[in-house]
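Overview (structure and organization)
The residues making up each chain are set out below.
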Amino acid sequence: MRKPALIAAALAIVTASLVAASLATAGPSKSAATKVSVQLKWVTQAQFAGFYAAQEKGYYKAAGLDVDIKVGGPDIVPEQVVLGGQAEFGVNWLPSLFANRESGNDLVNIAQLYARSGTTEVTWKDSGIDSMKKMKGKKYGVWIFGNEFEQQAALVKAGLDPKKDVTLVKQNFDMVAFLKRQIDAASAMTYNELAQVLETKNPKTGKLYKLSDLNVFKMSDLGTGMLQDGIFVKGDWIKDTANQATAVKFLTATFKGWAYCRDNQKACVNIVLEQVGIKARIQLIEAGEYLRQLRARELGPMAMSGSQPPDDPHFQMSQYHSTWRYAYIRDPKLDKFINDGEVE
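Residues numbered from 1 in each chain as written. Predicted model: local features only at pLDDT ≥ 70, side-chain atom pairs only at ≥ 80, totals over all residues. Heavy atoms only, no water.

**Topic: the overall build of the protein**
When its secondary structure is counted, the protein shows 15 helices and 10 strands. Scored against the burial criterion, the 344 residues of the protein give a buried share of 51%. In the protein, 78% of the contacts between residues at least 6 apart in sequence involve partners at least 24 apart. (Helix = DSSP H or I, 4+ residues; strand = E, 2+ residues; numbered from the N terminus. Buried < 20%, exposed > 50% of the residue type's maximum accessible area, 1.4 Å probe, protein only. Contact = heavy atoms within 4.5 Å.)

Pasting the structure below:
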């Protein structure tokens, strides 16, 4: 959340007709606040900072909205939640939305949060897998539920058949299998799982892994990157004039929240961490320091909300790990990689 990398806080794709039809009623209402819900794609992390900032800073309330931010998880599909009427707004990647539309579901993307893909596929440098063509015959980790399309497209572009030339492995939402070398390649977001690897010690050296230990294939560089977090609604819902006005209010307040995070990084970090039970006092710590504090029981308790299994410590740790690392640890080389596409 330093300078916008994946987040285009000012980019909102709302059709001219939608705005024109809603301007007359887009201002805050003096009557009771309109209650709406937004279903996030994943558990609480910096990926959704703008929503939490809009809530915390009162932007939704000022717009006349009472917004319920629903946390996602491994068993939650935002499209199903919206289609089931449990939320007016959903957040998911555009290819997943397209797949739903192809299945006959009337869903409409009304705003785009991220300007480019943050998806990568990573291999170990010492594996020799330094191109997509060399994935042939390898165990290729991908997520499912509409998260796998970019990596599959990258294989096809390299002349490989995802169903025949590689062994597609349903990857958990962590990097445990990759770190144990149980799979040859793993899916990793630049703002989450990649950081998990870089916050793990190499058992051979006792030092943290570095980007130089990895081959990182960015889907955006390979030409198969697809637009990710967008805000969508049901097609029949958005046809209603009153709902169009509500959508304008919601989008305006949400992007105002993202703009706040752009301009107030440290305060926004605290807003996100407080959502998962961490009261932030220190703004920046050195890489690896949180592990020492965690082992020494110096960190406050963390109450993760969402649908993750309470008896799955690996899942919980991966979320704690990525949220803490992304929020706190300044790594100039990683930042440069994320923002500029450069590797050390």
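**Quick word on the environment of Leu 198**
Its place among the elements puts Leu 198 in helix H8 (residues 193-198). It is 6.2 Å that separates the C-alpha atoms of Leu 198 and Leu 208, two residues lying 10 residues apart in sequence.

**A word on the nonpolar core**
Counting residues in each nonpolar core, the largest one holds 44 residues, and the members touching the most others are Val 38, Phe 51, Phe 89, Ile 231 and Phe 250. For this core, the element with the most residues is helix H11 (residues 241-263), which contributes 8 residues. Ranked by size, the runner-up nonpolar core spans 14 residues in total, among them Met 175, Val 197, Leu 198 and Tyr 209. (Core = buried A, V, L, I, M, F, W, Y, C linked by side-chain atoms within 4.5 Å.)

**With respect to empty space enclosed by the protein**
Counting across every chain of the model gives 4 cavities of 30 Å³ or more. Taken as a whole, the second largest cavity encloses approximately 250 Å³ of empty space. In terms of lining, the second largest cavity is formed by 20 residues, of which the most central are Lys 41, Trp 42, Trp 93, Asn 147 and Phe 173. Of the residues contributing to the lining of the second largest cavity, the split by class is 11 nonpolar, 7 polar and 2 charged. (1 Å grid on protein atoms, 1.4 Å probe; cavity = no way out; pocket = protein on both sides within 12 Å on 5 of 7 lines; lining within 4 Å. Points joined across faces, edges and corners; volume = space filled by probe spheres on them. Nonpolar A, V, L, I, M, F, W, Y, C, P; charged D, E, K, R; others polar.)

**Comments concerning the pairing of strand S1 (residues 34-39)**
Sheet analysis places S1 next to strand S2 (residues 65-70), joined by 6 bridges and oriented parallel. Paired with Lys 35 across the strands is Asp 66, a residue of S2. For S1 and strand S3 (residues 89-93), the ladder comprises 2 bridges, and the chain directions are parallel. Pairing of Val 38 across the sheet is with Phe 89, part of S3. (Pairing = 2+ DSSP bridges.)

**A word on the sheet that holds strand S4 (residues 107-112)**
Working definition: the strands of a sheet are paired by backbone hydrogen bonds and lie parallel or antiparallel to each other. Taking strand neighbours across the sheet as the criterion, the 5 strands line up as S2-S1-S3-S10-S4 in an open arrangement whose pairing is mixed. The strands lining the two open edges of the sheet, one partner per strand, are S2 and S4. Strand-to-strand twist in this sheet, taken as the mean axis angle between neighbours without regard to direction, amounts to 30°. In this structure, S3 lies alongside strand S10 (residues 229-234), joined through 4 bridges in antiparallel fashion. Directly across from Val 91, in S10, lies its bridge partner Ile 231. (Axes fitted to C-alpha atoms, helices over the stretch in contact; angles between N-to-C directions.)

**Quick look at the sheet that holds strand S5 (residues 119-124)**
Taking strand neighbours across the sheet as the criterion, the 3 strands line up as S8-S5-S9 in an open arrangement whose pairing is antiparallel. Lying at the two open borders of the sheet, with one neighbouring strand each, are strand S8 (186-189) and strand S9 (214-218). Put simply, the sheet's adjacent strands are angled 35° from each other on average, direction ignored. Across 4 bridges, the pairing between S5 and S8 is antiparallel.

**Concerning the state of the cysteines**
For the coordinates displayed, the defined rule picks out 1 disulfide. Note on cysteine connectivity: Cys 261 is disulfide-linked to Cys 268, with sulfurs 1.9 Å apart. Around the S-S axis, the bridge from Cys 261 to Cys 268 shows a dihedral of about 50° and counts as right-handed. With a relative accessible area of 0%, Cys 268 lands in the buried category. (Disulfide = S-S within 2.5 Å.)

**Regarding the pattern of salt bridges**
For the structure on display, the rule yields 4 salt bridges. Two residues, Lys 70 and Asp 68, come together in a salt bridge whose shortest N-O distance is 3.6 Å. By relative accessible area, which is 38% here, Asp 68 ends up partly exposed. Residues Asp 126 and Arg 181 are paired through a salt bridge, measuring 2.9 Å at the closest nitrogen-oxygen approach. Of this pair, Asp 126 sits in the loop between S5 and strand S6 (139-142) while Arg 181 sits in the loop between helix H7 (176-179) and S8, and the two are 55 residues apart along the sequence. On the basis of relative accessible area, Arg 181 is assigned to the partly exposed category, the value being 43%. (Salt bridge = Lys/Arg side-chain N within 4 Å of Asp/Glu carboxyl O.)

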